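Listed below are the residues making up each chain.
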Amino acid sequence: MFFQQMVNGLILGGAYSLISIGLTMSFGIMKISNFAHGTIYMLGGYAMYFLSTVYGFPFFLSIALSMCAIGLLGIVFERIVFKPIYEGPHLNSILISTGLLIFLENGVLQLFGAQTMKVRAPYSDVIISIFSASITFQRLIVLIASILLIGGLFLFLNYLRIGKAIVATSQNARGASLVGIDITRIYILTFAISSGLAAAGGALLAPLFYVYPTMGSIPLLKAFVVVVLGGMGNVQGAIAGGFLVGIAESLGGAYISSDYKNAFPFIILIAVLLIRPQGLFGRSTK
Amino acid sequence: MKAYQKYIVSGSFIAAAITFPLVVTDPYFQHIMNVVFLYSISIYAFNIITGITGQLNLAHAGFIGIGAYTSAIASVNFSMNFWLAMPLAIAVTGVFGFLIGFPSLRTKGVYFSLATLGFGEILFIVFENWIPVTGGPMGITGITAPSGIPLPGDLAISFGGKKGFYYLCLTFLFFIIYLTKQLFRSRLGQAMTAVRENESLTQSVGISIVKTKITAFVLSAMLLGLTGSLFAHYFRFISPVTFTVPETFRCLSMLVVGGMGTLMGPLLGAAIFTALPEFLRSIEEYQWMVYGIVLMLFIAFMPEGIVGFINEKTAKHHSRRQ
Amino acid sequence: MALLECSQVSKHFGGLKALEKVSLSIEEGNLVGLIGPNGAGKTTLFNLITGFLRATSGKIAYQGRDITSCPPHVLASMGLVRTFQKINVFGHLSVLDNVITGHHLQKQTGLIGALFQSRKFRREEASFRRDSLAILDSIGLGKWENYSAKDLPLGLQRALGIAVALAAKPRLLLLDEPASGMNSEESYFIMELIRKVHKSGITVLIVEHDMSVIMNLCQRIVVLDFGKVVAEGTPEGIQHDPQVIEVYLGKGFDNAAEIA
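Rules used throughout
- Residues numbered from 1 in each chain as written.
- Chains lettered and ligands numbered in written order.
- Predicted model: local features only at pLDDT ≥ 70, side-chain atom pairs only at ≥ 80, totals over all residues.
- Helix = DSSP H or I, 4+ residues; strand = E, 2+ residues; numbered from the N terminus.
- Rg over C-alpha atoms; globule rule 2.2 N^0.38 Å.
- Buried ≥ 20, exposed ≤ 12 C-beta atoms within 10 Å, placed from the backbone.
- Contact = placed C-beta atoms within 7 Å.
- Core = buried A, V, L, I, M, F, W, Y, C linked by C-beta atoms within 7 Å.
- Domains from an automatic or database assignment.
- Pairing = 2+ DSSP bridges.
- pLDDT = per-residue confidence, 0-100.

**Overview of the overall build of chain B**
Secondary structure summary: chain B contains 14 helices and four strands in total. In terms of overall dimensions, chain B is globule-like: its C-alpha atoms have a radius of gyration of 20 Å, near the 20 Å expected for 322 residues. Out of the 322 residues in chain B, the part that is buried amounts to 53%. Pairs at least 24 residues apart make up 78% of the contacts formed inside chain B by residues separated by at least 6 positions.

**Some remarks on helix α8 (residues 187-197) of chain B**
Of all the 11 residues making up α8 of chain B, 11 are buried; the element is thus mostly covered by neighbouring parts of the structure. Those residues of α8 of chain B lying buried are Arg187, Leu188, Gly189, Gln190, Ala191, Met192, Thr193, Ala194, Val195, Arg196 and Glu197 of chain B. On its buried face, α8 of chain B sits against α2 (27-52), α7 (162-185), α9 (199-204) and α10 (209-235) of chain B together with α3 (95-102) and α4 (111-116) of chain C.

**Points about the nonpolar core**
Ranked by size, the top nonpolar core spans 275 residues in total, and within it Ala199, Phe224, Val225 and Val228 of chain A, Ile41 of chain B together with Ala163 of chain C carry the most contacts. Counting the residues that make up this core, at least three belong to each of domain 1 (4-89 + 169-259) and domain 2 (92-151) of chain C. When residues no more than four places from it in sequence are discounted, the contact partners of Val228 of chain A are Leu269, Val272, Leu273 and Gly279 of chain A together with Tyr111 and Leu114 of chain B.

**Focus: the sheet that holds strand β5 (residues 65-66) of chain C**
All names here are of chain C. In space, the four strands of this open sheet follow the order β2-β1-β4-β5, with antiparallel pairing throughout. What marks the edges here is a single partner per strand, and that holds for β2 (16-26) and β5. Examined bridge by bridge, strand β1 (residues 4-13) and strand β4 (residues 57-62) share five bridges and lie antiparallel to one another. When the bridges of β4 are listed, Ser10 appears paired with Ser57.

**Some words on the confidence of the model for chain B**
With 93% of its residues at a pLDDT of 70 or more, chain B shows a mean pLDDT of 88. A low-confidence stretch, residues 318-322 of chain B (pLDDT under 50), is modelled with three contacts involving residues beyond four sequence positions or located in other chains.

**Structural notes on the environment of Thr169 of chain A**
By the element assignment, Thr169 of chain A lies in helix α6 (residues 161-171). Once you skip the residues sitting within four places of it in the chain, Thr169 of chain A turns out to touch Ile29, Ala176, Ile181, Ile183 and Ile186 of chain A.

**Some words on the pairing of strand β1 (residues 127-130) of chain A**
All names here are of chain A. The pairing of β1 with strand β2 (residues 133-136) spans four bridges and is antiparallel. Opposite Ile130, over in β2, you have Ala133 as the bridge partner. Between the end of β1 and the start of β2, which pair antiparallel, lie two residues, with Phe131 showing a positive phi angle near 50°.

Below, the structure written as structure tokens:
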């Protein structure tokens, strides 16, 4: 049972990491708190629904296309919604992204209705046994894809010139622009990556959990838990935090209570904020 | 505007507010005004912690829930009448405000908002799942209306109907607007504004930012307890679905559009968001999308809200030496 | 007994030793300058004294009391007040309201008094308004009273920052680079303002880069480099001190006044 829950936790954790990396990047590089991040995840789920279930595209192609489509949509959001508030107080980023959240969630509700939709899960019949745990291949794909995408991001940030430019911007935006880095391009690219990864999370989880307009709200909150746990702006922290929260939720739900299962991430959040607000991996400012 | 002109304008509004239910006797419109008042009171509470002190409290709806459930349980399970249940709700919510605020307000800006987001979600989960106490998703029914105040000679002021409730709410609203007005003039209000504007400078003139934030938070929580209690005794039925994070976002939109940190902003915001959809039934389906767009537009172009914008345009810029 | 006494104060940020056993004392009535090249630790020391950072080791005493771990608002209530280099005012408040807010420590009536509009409340309100206008007038900001603080030009904003600090009735006033970013006219204006403040009996400590301000204003100067005190003395003495010259210019110069 324990091992089973650990495996479930890892799968959940992989998805949480994917979603949280984008959130922490937009905070670290653009200095915004994006409360619409959960709806971007939701859009990824809906894109997956349309591509793979309604139009019948092959499964993996649908994942890739969802990621790219919503990543590009993210650029639109960045230019229209976030650009106006970069110079102002931080509170404005929270408020304006909340407006985007309300708009997107209800827009989807109007366009496609409130009912939950089932997404085609072609690999859910294949069951894999690892020691005492058994999982469907469909779920394993989530974990494998997460690891691949995270690995890809790691290579991108550390070995590609533009990736290193992103890292530089997160440390010192003015310094970066002084050495010729185009901050506008960096912001656009960062937000595209952030949206793309969140959409990937939504696309990968959609076959497991259905899609519905408000499917992004709980993942948003959990993503914030992960981001705070890992240190806001810290990508490795988001990865480690994502897996930690996934495992904690899985084990907590199994061993303590499944009704209040959703409360555990928030309890962790509050504990972290009170004891060590800079997170496990963040730097203390005092 | 000269002083006496201001008095004429506010005087007429007050007179209109007092005579409204006598002139407009259709209970439907009275009901709308009651809802406007309920929301207004909660937005004034929001204004205190978020508008004036600058700390975004995302557990807003959750606190209203605490007030509502306290009042409801006191009324249904302990047969308390409104006049006992309501102060109890205010006190209990205030205590929660202190318990949640004391640890959370030591953290910086966005971390505090996230902590309150977490608390708001936990409160909702508790409302939904603690069935023996809150009734779970089915909520609590059979809450009594506020009992009347007996007058000498067999008369009584009744608060049962829409009209009675209108005057009850209006009285509270008058008090809360006066409270906000005097808050601006008081030492506490000036400290709260200072915290919003510049935390470091605030400390260096001797103001404890933690103490100020906690006081603002508890004050706000108490007013939210009042809102919850009024809500429970008006609708006579409560359920968790009213006290969710999206509801908080809706209230936030009202505060932003009306004008954060202003005196009349909360009332204006509540009125716009509550009354307008009633009169624009055709867009009712799309109203939430409109809220989203409106919120985004305001933050991008008019973050000070309508009242804030008006205040800036009419501010005096000449010397006192006239 | 010195008004302010730092004894062997050190501040480490992880492996970085920002300040290493710094000792410094300021007598009541002094006007002291704290200078040093970038990264010398001036700002760190300043933040330690004013309660915005906590020392790793060492002791800071004010009026004989240990204030090493006192938070800024407590220090203000003891008469230790600072200004800020950047964002030093309450931007959206009027100039007058800025200074009224500075009077916080003297306000006695609270919210209850305001709600009942007691006579004491109204008297206090009027008296702080009068005091604040008086401070503004004495600085020359009187006619700007109704302007938003954020709309003031830089020099006047700095002056306003000092006005707010004065409202808090400081005994020891610490000024954080008051002349930074200013042209010579604005620097002169600030300098005269600081001189006036000092003459009224307030002890002043200034951190500054602008040598003309420091040399013309201060009675005593302390020089920091790499987190240590390298020299202390009168402006004349400092200008000719070979250590100081080396710190700023390297070896081979005779007179630090060459760089001022």
